[in-house]
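Report on the structure
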Amino acid sequence: MLLKPFIQVAGIIDQAEADMLVRCGVKYLGFPLRLDFHKEDLSDDEAAKIIRSLPEGHHGVLITYLKTADEINELLLKIGANHVQIHGEISLKELQKLRRIRPDAVLLKSLVIRQNNLNELIHISKTFSSFINYFITDTYDETTGASGATGKMHDLWKSGQLVENSLKPVVLAGGLRPKNVREAIIKVRPSGVDVHTGVENSDGRKDETKVREFLKEAEKGFKEIGF
């Protein structure tokens, strides 16, 4: 069952951080593993232990750049997750296979916004929509080549266009923080939001005050758009 709106905090680094997020009311906790740019914060085994400790109604979300159904399914089984956010350039054939072998999994497919790729992303959203539950936006960093956890916001008009043209719900991510999430929700009208670096301190740990403020502001935004 999908919780609406979908609010995820990504980049969990240890059990203490996960426990804090659960206390704050975060239902979706993102675990980046098998990355193509950023260094992983924890091991498969550490992620599995945390995910299996989550109370009922809270979900660990695998965030990965793996591109084949078998690899993704193997990692989902290893860490005990049923939600996966796919950032790699997975083919339609592999996505169809993943849906076939994991019919009950919650699949999110990233739409990474670059300078001139809006039409391409709209096409991807229409092509892949039959096999996923959500799309999730993110920002490409031209300087580093990273396509996620950049802390940078893209042109929100583009995310709004993706929401308008998508056949499936769209989660907004990319540069969100407590001070801008409400306005971003009102402008884009997404079905959820995702935050990573926007609620962290300089040491890379999630800050409870920032998390609670982010959730409060996000709730205001979703209320204003009637979600």
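Sequence order sets the numbering: in each chain, residues are counted from 1 along the sequence as written. Predicted model: local features are reported for residues with pLDDT of at least 70 only, side-chain atom pairs are reported and counted for 80 or more only, and whole-chain, interface and lining totals are derived from all residues. The side-chain values count all of the structure's non-hydrogen atoms but skip hydrogen atoms and water molecules.

1. Description of the packing of aromatic side chains
Ring pairs shown here join Phe, Tyr and Trp side chains whose ring centres sit within 6.5 Å, with only the six-membered ring taken for Trp; geometry is labelled stacked below 30 degrees between planes, edge-to-face above 60, and tilted in between. Tallying each qualifying case throughout the model produces three aromatic pairs. Centroid distance Phe6 to Tyr134: 5.0 Å. Interplanar angle 55°. Geometry classified as tilted. Separated by 128 residues along the polypeptide, Phe6 in strand S1 (residues 6-10) and Tyr134 in strand S6 (residues 134-139) bring together distant segments of the chain. Burial status follows relative accessibility: with a 1.4 Å probe on protein chains alone, a residue under 20% of its type maximum counts as buried, one over 50% as exposed, and anything between as partly exposed. With relative accessibility at 0%, the residue Phe6 sits in the buried group. Relative accessible area serves as the criterion here: at 1%, Tyr134 is assigned to the buried category. Between the aromatic rings of Phe222 and Phe227, the centroid separation amounts to 5.6 Å while the plane-to-plane angle is 80°, which identifies the pairing as edge-to-face. With relative accessibility at 2%, the residue Phe222 sits in the buried group. Following the ring pairs from residue to residue traces out a cluster consisting of Phe6, Tyr28 and Tyr134. Think of it this way: any DSSP run of H or I at least four residues long counts as a helix, any run of E at least two long counts as a strand, and we number them from the N terminus.

2. Regarding the packing of helix H1 (residues 15-24) against helix H8 (residues 208-224)
Lines fitted to C-alpha atoms define the axes here, with helix axes fitted over just the stretch in contact, and angles between the N-to-C directions of these axes take values from 0 to 180 degrees. Two elements in contact, H1 and H8, have axes separated by 10 Å at closest approach and are oriented at 35°. In this structure, the crossing between H1 and H8 has a hand that is right-handed. The segment H1 lies against H8, with Met20, Leu21, Arg23 and Cys24 engaging Glu208, Val211, Arg212 and Leu215. In this count, Pro and Cys sit with the nonpolar residues alongside Ala, Val, Leu, Ile, Met, Phe, Trp and Tyr, while Asp, Glu, Lys and Arg are called charged and the others, Gly among them, polar. Of the residues assigned to the contact of H1 with H8, the class counts are five nonpolar, no polar and three charged. Throughout, a crossing is termed right-handed when the near helix is turned clockwise from the far one, and left-handed when it is turned anticlockwise from it by less than a right angle. Contact criterion: two residues are considered in contact whenever any of their non-hydrogen atoms come within 4.5 Å of each other.

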